[in-house]
Amino acid sequence: MTYWAINAVFLVLVATEAGAALLLAWSRRRASRASSPGRPLAERVRAAALATVVLLVMTAVFDNVMIGVGLVGYDEARISGVKIGIAPLEDFAYAVAALVLLPSVWSLLGGRRPPREPTRVHPRDRAGVEASTTAAVAPGATREEEAR
Amino acid sequence: MGVLYLVALGVALTGMALLDRRFALFFWRDGWRAAVTLLVGVVFFLVWDVVGIDVGIFFRGETSFMTGVQLAPELPLEEVFFLTLLCWLTMNLLSGARLALELLDERRSARSGGARAGSGGGAS
């Protein structure tokens with residue numbers, strides 16, 4: 001059995017799980033269309049593309065280092081021989097799988113309570129800012145932040 | 001008994017935690033959800049590793065950088081930390097990319113004379 005054959009099995013598992021996550025997200029959105037519009041698709045695709053490029057480049061760099069210093073070895077008969085530097089192309093399947101599997105699992109675990117959004121606001125200032133944004137979103141709230 | 005690789009992974013994981021906390025990227029978005037996601041990821045990749053090792057595709061290098069502690073034949077202790085790092089990095093990157101693009105857009109609109117830019121950024 002080759003490295004690609006095993007990757008294929010695990011990548012199919014990842015794709016299946018991602019399909020389930022997409023389906024659930026779609027049905028959730030249909031159920032609550034008006035209340036949560038969500039972020040635009042183009043924005044999500046752009047962020048995912050950027051993260052993908054960065055992770056693949058980092059994988060190329062660090063996989064080469066790890067193989068170079070001898071942390072891991074491969075049976076040359078079971079890999080395709082296509083390499084990025086000295087890293088087998090097959091290794092990149094881990095990074096691709098992580099990029100699909102992890103956000104899908106995160107999405108599947110989503111409940112009624114939305115997570116905090118990533119923010120550039122420093123942790124020490126966060127409590128105040130989050131309180132004010134919640135107030136601004138709440139119906140009938142006065143828009144105090146206009147005064148800033 | 002080398003601990004160099006383990007220490008390097010520890011340093012990198014500390015970096016992941018610091019970035020996560022600073023920008024609310026993964027655990028600091030929703031701790032319970034992040035913990036389950038990370039656990040699923042690490043277990044999934046460990047199974048992938050074990051299958052690969054079982055079939056004889058990869059094996060642990062004989063190096064002085066690793067402790068030599070094995071969780072299973074050819075599966076070094078360090079692999080768990082490596083996979084944790086891979087998963088945490090992936091989720092931090094996905095969240096961080098959103099922030100980076102947001103910042104870029106704000107800068108772009110500020111430069112082109114946009115009046116309302118730079119909201120919420122301030123503190124660093």
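Residues numbered from 1 in each chain as written. Chains lettered and ligands numbered in written order. Predicted model: local features only at pLDDT ≥ 70, side-chain atom pairs only at ≥ 80, totals over all residues.

### Notes on the interface of chain B and chain A
Next up, step 1: The partner chain A presents 39 residues to the 43 residues of chain B that form the contact.
Next up, step 2: At 12 residues, the largest contribution of residues to the side of chain B that touches chain A is made by helix H3 (residues 78-111) of chain B.
Next up, step 3: In the side of chain B that touches chain A, the residues fall into 26 nonpolar, 10 polar and seven charged.
Next up, step 4: Here strand E1 (residues 72-74) of chain A pairs with strand E1 (residues 58-60) of chain B via three bridges, running antiparallel. Looking at the pairing, valine 72 of chain A lines up with arginine 60 of chain B of E1 of chain B. (Contact = placed C-beta atoms within 7 Å. Helix = DSSP H or I, 4+ residues; strand = E, 2+ residues; numbered from the N terminus. Nonpolar A, V, L, I, M, F, W, Y, C, P; charged D, E, K, R; others polar. Pairing = 2+ DSSP bridges.)

### Section: the confidence of the model for chain B
A low pLDDT score tells you not to read the predicted coordinates there in detail.
Residue and element names in this part refer to chain B.
Next up, step 1: For chain B, mean pLDDT is 90; residues scoring 70 or higher make up 90% of the total.
Next up, step 2: Residue range residues 116-124 is modelled with pLDDT below 50. Its contacts to residues more than four positions away, or to other chains, number 13 contacts.
Next up, step 3: Scored by ipTM, the complex comes to 0.88, with pTM at 0.87. (pLDDT = per-residue confidence, 0-100.)

### What about the packing of helix H2 (residues 31-55) of chain B against H3 of chain B?
Residues and elements named next belong to chain B.
Next up, step 1: Packing of H2 against H3 leaves a shortest axis separation of 9 Å and a crossing angle of 130°. As judged from the angle between their axes, H2 and H3 are oblique. Every pair of crossing elements has a handedness; the one defined by H2 and H3 is right-handed. Contact with H2, carried on its side by Thr37, Leu38, Gly41, Val42, Phe45, Leu46 and Asp49, involves Glu79, Val80, Leu83, Thr84, Cys87, Trp88 and Met91 of H3 and no other residues of that element. (Axes fitted to C-alpha atoms, helices over the stretch in contact; angles between N-to-C directions. Parallel < 35°, antiparallel > 145°, perpendicular 65-115°, else oblique. Left-handed = near helix turned anticlockwise from the far one by under 90°.)

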